[in-house]
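# A look at the structure
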Amino acid sequence: MDLIVYHAADDAESRAALALIRHAGLEPHVIAPARSPPAPVLLDELARRARRPLATLLRAAETRGAGEGLATKGLATKGLATEGLATEGLATAGRPAGAAPAEEPGAGLRTPLVVSPLGVKLCRPAERVLDLLPVVPATDLDREDGAPFLREEQVAATEPRLAKALREAGLPTQDLRASPGRFFAFRTLGGRLVGYGGYEAFGPEALLRSVLVRPEFRGRGAGRAMVRLLTGRAGEDGAERAWLLTQDAAGFFERLGFAPVAREAAPAAIRQTPQAASLCPASARLLGRILQA
Ligand SMILES: CC(C)(COP(=O)(O)OP(=O)(O)OC[C@H]1O[C@@H](n2cnc3c(N)ncnc32)[C@H](O)[C@@H]1OP(=O)(O)O)[C@@H](O)C(=O)NCCC(=O)NCCS
């Protein structure tokens, strides 16, 4: 199978996607956009096949040359932060001599952008590349930081093992059956159950819920990886902001870019969910984050 990866060696997520592809026994064509920028006509084609506006595949011009920018205009006023910016990488400071001039739009292509006969995707997090491979590798593999690579498997809200795991973690289950949400079991590539998570999407707003990591997998970055996969899926479903309520894990979510928001400032769709309206105690904190396009 022919695969092309637009790759930046200084981007951990890009290295992770390459590792996954090679773990599947495939050797892709690797292109560094900073050195060999795709021509504008090819950029348009990539955006069309990725079904995304071209601008979302490119780093903003003002952030090039100074590393990925941290601030995104307008976000500060909403009090929400954006996703994974610190890991967005692709700093151009290390660009080798003879690299393409920054004004070439293709030099700002975000990575890892993967082109496969099964589709074109910006694979952030790297596990998104699993959607583009003919076969998902069936043996475990860890990221450079020791977190296991995960695969998702959608499960019904009525799945008894989901409710049991939530009860054991002290998370609400009363509204599961009526939930309009999508729920996932997360497993290592080899099939070991790592945890669960889900989200309820209401147009541009998504409520993350039921995020839990089995105790034996905690503290290895699995929770972080699960939240990134969930917000990525919610974004694909059209969500622009993610929200959640938590009693004990606010610090965990704050590390992932979420910020506390007063409940009354949340959109009505979120305030009216059973979790916000009745199930989570008043002491549970509401946090929100803008999802990166
Ligand atoms: C909260 C939970 C999902 C975290 O999962 P995890 O796999 O242990 O988290 P990670 O290893 O990915 O941690 C990512 C970072 O958050 C930090 N962190 C983890 N749990 C934390 C917590 N409860 N409070 C503050 N920080 C926390 C980690 O130290 C790590 O920090 P680093 O970026 O400096 O390395 C897990 O403890 C859990 O399942 N708890 C019970 C259910 C729950 O409370 N769910 C949330 C409500 S929806």
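The structure under discussion appears in the preceding block.
Residues numbered from 1 in each chain as written. Predicted model: local features only at pLDDT ≥ 70, side-chain atom pairs only at ≥ 80, totals over all residues. Heavy atoms only, no water.

## Description of the site of the ligand
The line we're drawing: For this description, a residue counts as near a given molecule or strand if any of its non-hydrogen atoms is within 4 Å of it. Counting of polar contacts relies on pairs of N or O atoms within 3.5 Å, with two restrictions inside protein: one atom must be capable of donating a hydrogen and the other of accepting it, and residues adjacent in sequence are counted only when both atoms are side-chain atoms. Per-residue and other accessible areas follow the Shrake-Rupley method at a 1.4 Å probe size, with only the shown protein chains counted as cover for residues. For helices the rule is a DSSP run of H or I covering at least 4 residues; for strands it is a run of E covering at least 2, with both sets numbered from the N terminus onward. Gly is placed with the polar residues, together with every amino acid not listed as nonpolar (Ala, Val, Leu, Ile, Met, Phe, Trp, Tyr, Cys and Pro) or charged (Asp, Glu, Lys and Arg).
Neighbouring the ligand are 18 residues, the closest being Val211, Val213, Gly221, Arg224 and Arg255. In this structure, an oxygen atom belonging to the ligand sits 3.3 Å away from a main-chain N or O atom of Arg220. Here Arg255 contributes a side-chain N or O atom positioned 2.6 Å from an oxygen atom of the ligand. Against a free-state accessible area of 910 Å², the protein chains account for coverage of 71% of the ligand. Taken together, the elements giving at least two residues each to the shell around the ligand come down to strand S9 (205–213), helix H5 (222–236) and helix H6 (250–255). Ranked by residues supplied to the shell around the ligand, first place goes to H6 with four residues. Class assignment for the residues of the shell around the ligand results in eight nonpolar, five polar and five charged.

## Overview of the environment of Arg177
Among the structural elements, Arg177 can be located in the loop between helix H4 (160–168) and strand S7 (182–188). Distance from Arg177 to Ala157, taken between C-alpha atoms, is 5.9 Å for residues 20 residues apart in sequence.

## Details of the pattern of salt bridges
Formally: The salt bridge definition used is simple: a Lys or Arg side-chain nitrogen within 4 Å of an Asp or Glu carboxyl oxygen. Only protein chains enter the accessibility calculation, which uses a 1.4 Å probe; a residue is then buried when its area is under 20% of its type maximum, exposed when over 50%, and partly exposed in between.
Summed over all chains, the structure comprises 27 salt bridges. The closest approach of N and O atoms between Arg128 and Asp131, which form a salt bridge, is 3.9 Å. Owing to a relative accessible area of 33%, Asp131 belongs among the partly exposed residues under this scheme. Close ionic contact of Glu200 with Arg209 constitutes a salt bridge, the shortest N to O distance being 2.8 Å. Accessibility expressed as a relative area gives 2% for Glu200, which makes it buried. Several salt bridges share partner residues, and in doing so they unite Lys121, Arg128, Asp131, Glu152, Arg233 and Glu236 into one network.

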